[in-house]
Amino acid sequence: MSLLEGFPHLKNPTLFISSVFERYCSLGSTSERGMDDDVLSVVKSIIPPLTSKKHKGQDGRIGIIGGCQDYTGAPYFAAISALKVGADLSHVFCTKDAAAVIKSYSPELIVHPVLDSPNAVEEIEKWLPRLHSLVVGPGLGREDLLLKTAKVIEKSKAKDIPIVIDADGLWLATQQPSVIQGYQKGILTPNFMEFTRLYEALHHEPMDSSDYQRSVMQLSVAMGNITVVLKGERDLITDGSKVISCSTEGSGRRCGGQGDLLSGSMGVLAHWAYAASAAGMIRSVNPSVVAAFGACALTRQCNSQAFQQHGRSTTTSDMIQEIGSAFKKLFES
Ligand SMILES: NC(=O)C1=CN([C@@H]2O[C@H](COP(=O)(O)OP(=O)(O)OC[C@H]3O[C@@H](n4cnc5c(N)ncnc54)[C@H](O)[C@@H]3O)[C@@H](O)[C@H]2O)[C@@H](O)CC1
Ligand SMILES: Nc1ncnc2c1ncn2[C@@H]1O[C@H](COP(=O)(O)OP(=O)(O)OP(=O)(O)O)[C@@H](O)[C@H]1O
Ligand SMILES: [Mg+2]
């Protein structure tokens, strides 16, 4: 379908983008394919052009907070995915013993072994003015590091930086919802278990598993209308006003690490979406929702492409190899 079909009166692309989004949000589930196309067109509009006029760093300096003795893969997957999506620099803030391991996976990442140092918050705070967005949680663990992380989140909010909270960052949000509650540039990306824990902590009752759309909307509202992405067979995305779903075809392969690819990608897209919004290129659309949809579609497309080649042996590293071509197929064609 032509993008302007149904909107012949709209000449202004900004208004057009707002309108397709409104139309998407208010439709039922019967024409999801067309709706996906409409939201994808909004995502396309936030992607910065590649020009010779830019300096290194302008398309994104992303920080990942996570990486401890047990988990080194998760922060690596998130950080390398951010680079592969198009960020210029990707920083990982992890513990000392995780740092050497993460560095050895890739020379492309900047790795700061600070998380378990006594002045961790100050060490990370130094970098915040140089970061465009933060992804908190992949491979962070659930121990005392969480307390330091809560302080970093507070400092980042004060600087108005988009913050994606995933994995063990969601454990922290479950213990202490106020750390992110009401912060409009915050995005939560729970899997089913993480969502259930968070829902039950906030609502003090079991979740109604017959109506996930309602539950995800309720959670977003309880969290002060921040954007929540419930990952699953269809990813449900809401900022508490409407629920949109992403059902880009993936595969039946559920290897660990796909969520890290998702949160790392979302970190970059959140920066781009908020930059596009600040420049007046998108209006009446929540940039967090746009970023969330883009990252979900991309992750699922990577999964589908990797599965076509590797079948049951597909791993997250295979999906990361597909980021370039999946991005091109979804957003640049
Ligand atoms: N290679 C790595 O280093 C990886 C580390 N990871 C890290 O591992 C830590 C724990 O993450 P988890 O995702 O395991 O945390 P959770 O405590 O949320 O565990 C989820 C568990 O629930 C199960 N589950 C998921 N969906 C379900 C559903 N619909 N119904 C029933 N059970 C379901 C999963 O099998 C998993 O064991 C995090 O720090 C995370 O970042 C993961 O990101 C995976 C990759
Ligand atoms: N049943 C499913 N069908 C298709 N895609 C799915 C399904 N479940 C999850 N996904 C996709 O996989 C991606 C990661 O979701 P998942 O629930 O595996 O996250 P996670 O448990 O946090 O992963 P990780 O192992 O990285 O922590 C999401 O983009 C989601 O769209
Ligand atoms: Mg996860």
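Residues numbered from 1 in each chain as written. Chains lettered and ligands numbered in written order. Predicted model: local features only at pLDDT ≥ 70, side-chain atom pairs only at ≥ 80, totals over all residues. Heavy atoms only, no water.

Caption draft 1: Inspection of the layout of surface pockets at higher detail. Considering only enclosed or pocket space, the largest pocket measures out at about 790 Å³ in volume. Considering the residues around the largest pocket, the lining is formed by 33 residues, among which Asn191, Lys231, Cys255, Gln258 and Gly259 are closest to the centre. The residue inventory of the lining of the largest pocket, partitioned by class, reads 8 nonpolar, 14 polar and 11 charged. (1 Å grid on protein atoms, 1.4 Å probe; cavity = no way out; pocket = protein on both sides within 12 Å on 5 of 7 lines; lining within 4 Å. Points joined across faces, edges and corners; volume = space filled by probe spheres on them. Nonpolar A, V, L, I, M, F, W, Y, C, P; charged D, E, K, R; others polar.)

Caption draft 2: Expanded view of the packing of aromatic side chains. Under the defined criterion, the tally for this structure stands at 6 aromatic pairs. Here Phe195 and Tyr199 contribute two aromatic rings whose centre-to-centre distance is 6.1 Å and whose plane-to-plane angle is 35°, an arrangement assigned as tilted. Of this pair, Phe195 and Tyr199 both sit in helix α8 (residues 192-203), separated by 4 residues, roughly a single helical turn. There is no split in this pair, since Phe195 and Tyr199 are both buried. Arranged with centres 6.3 Å apart and planes meeting at 85°, the rings of Trp272 and Phe327 form a pair that is edge-to-face. Placement of Trp272 in helix α10 (residues 258-278) and of Phe327 in helix α13 (residues 323-331) is noted, with a sequence separation of 55 residues between them. The rings of Tyr76, Phe77 and Tyr105 are connected pair by pair, giving a single aromatic cluster. (Phe/Tyr/Trp six-rings, centres within 6.5 Å; stacked < 30°, edge-to-face > 60°. Helix = DSSP H or I, 4+ residues; strand = E, 2+ residues; numbered from the N terminus. Buried < 20%, exposed > 50% of the residue type's maximum accessible area, 1.4 Å probe, protein only.)

Caption draft 3: Seen up close, the site of ligand 2. The full set close to ligand 2 counts 13 residues, and Asn191, Lys231, Asp235, Gly257 and Gly259 are the nearest of them. Contact distances for ligand 2 include 2.9 Å between an oxygen atom and a side-chain N or O atom of Asn191. Put simply, ligand 2 lies in the largest pocket. Elements with a contribution of two residues or more to the shell around ligand 2: α10 and α11 (287-310). Per element, the largest residue contribution to the shell around ligand 2 is 3 residues, and it comes from α10. (Near = heavy atom within 4 Å. Polar contact = N/O pair within 3.5 Å; in protein donor to acceptor, adjacent residues only side chain to side chain. Sits in = over half its atoms within 2 Å of the grid points.)

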